[in-house]
Amino acid sequence: MAEGKLRTVYFHFPFIGAGSAIAAESVECAGEQGQAHFWSMVDRLYETDADITKDSVKDEAGMIDGIDTDAFAACLTSGRHTTTWQLDRARGEAMGVNSTPTIFLTYVEPDGQEQLLQFGGGQEFGQFSKIIDAILERISE
């Protein structure tokens, strides 16, 4: 891990029926049209209380400024991102993931040892802020 670099990696872990898989594919289809659309779809789906279906994600995509809904629908119908979330889920299972979201923080200790922290389920921003501040203080010594 390069010093001073922060990187976000997003993996899908659909585990709550067909809706989770549709959500994962829809995020990837939105992402084909740009990273901002990827994250907009993630946000929209985490905020919804409705059942996630192919029709509902098409409606959500239509609410994102600048997204080509026809291209989005064609992508979703094609199923071309099925393998993406299946591989992500397999990787998550191998890493012990059993809830979403699961967040991993990796950092390098002053002695060069890489450390990996895993947090399952929703966490308050303040809690992560404290953890990150403590890590930054420790590794800047």
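This text follows the structure it describes.
If you're wondering where the values come from, they're calculated on a predicted model, not measured in any experiment. Each chain carries its own residue numbering, running from 1 in the written order of its sequence. Only residues with pLDDT of at least 70 are given local features in this predicted model, and only at 80 or more are side-chain atom pairs given and counted; all residues enter the totals for whole chains, interfaces and linings. Heavy atoms from the whole structure form the basis of all side-chain values; hydrogens and water molecules are not counted.

J.: What is the right way to look at the packing of aromatic side chains in this model?
T.: Centre-to-centre distance and the angle between the planes together describe a pair of aromatic rings. Centres within 6.5 Å are what make two rings of Phe, Tyr or Trp a pair, Trp counting through its six-membered ring; a difference in plane orientation under 30 degrees is then read as stacked, over 60 as edge-to-face, and the rest as tilted. Summed over all chains, the structure comprises 1 aromatic pair. Aromatic pair phenylalanine 38 and tryptophan 39: ring centres 5.0 Å apart, planes at 75°, arrangement edge-to-face. In this scheme, a residue with accessible area under 20% of its type's maximum is buried, one over 50% is exposed, and one in between is partly exposed, where area comes from a 1.4 Å probe on protein chains only. Tryptophan 39 sits in the partly exposed class, given a relative accessible area of 32%.

J.: Just to check I follow, could you spell out the pattern of salt bridges for this structure?
T.: Side chains bearing opposite charge may pair, as long as their charged atoms lie close to each other. Only one rule defines a salt bridge in this text: a Lys or Arg side-chain nitrogen within 4 Å of an Asp or Glu carboxyl oxygen. For the structure shown, the criterion picks out 3 salt bridges. Residue arginine 44 is joined to glutamate 60 by a salt bridge in which the shortest nitrogen-to-oxygen separation is 2.7 Å. Taken together, the residues span a long stretch of sequence, with arginine 44 in helix H2 (residues 35-47) and glutamate 60 in helix H3 (residues 54-62) at a distance of 16 residues. Relative accessible area serves as the criterion here: at 18%, glutamate 60 is assigned to the buried category. Put simply, DSSP marks the helices as runs of H or I at least four residues long and the strands as runs of E at least two long, and each gets a number from the N terminus on.

J.: Help me understand the nonpolar core, please; the structure alone is not making it clear to me.
T.: The nonpolar side chains of a soluble globular protein tend to be buried with one another. Here the nonpolar core consists of buried residues drawn from Ala, Val, Leu, Ile, Met, Phe, Trp, Tyr and Cys, with membership extended through side-chain atoms lying within 4.5 Å. Of all hydrophobic cores here, the largest spans 16 residues; its most connected members are Val27, Met41, Leu45, Val57, Ile67 and Phe72. Counting only elements with at least two residues in this core, the list comes to helix H1 (17-31), H2, H3 and helix H4 (69-78). Residue contributions to this core peak at 5 residues, all from H1. Any two residues having at least one pair of non-hydrogen atoms within 4.5 Å are treated as being in contact. Residues in contact with isoleucine 67, not counting those within four places in the same chain, are Ala30, Gln33, His37, Ala61 and Phe72. The next biggest cluster of nonpolar side chains, apart from the first, holds 6 residues, and it includes Leu105, Tyr107, Phe119 and Ile135.

J.: In this structure, what is going on with the state of the cysteines? I would like to understand it.
T.: Think of a disulfide as a covalent bridge from one cysteine sulfur atom to another cysteine sulfur atom. When two cysteine sulfur atoms are found within 2.5 Å, that pair is recorded as a disulfide. This model, assessed by the stated rule, comprises 1 disulfide. Put simply, cysteine 29 and cysteine 75 are joined by a disulfide, and their sulfur atoms are 2.1 Å apart. For the disulfide bridge between cysteine 29 and cysteine 75, the dihedral angle about the S-S bond is near -80°, and by the sign convention the bridge is left-handed. Pair noted here: cysteine 29 is in helix H1 and cysteine 75 is in helix H4, with a separation of 46 residues, a long-range link.

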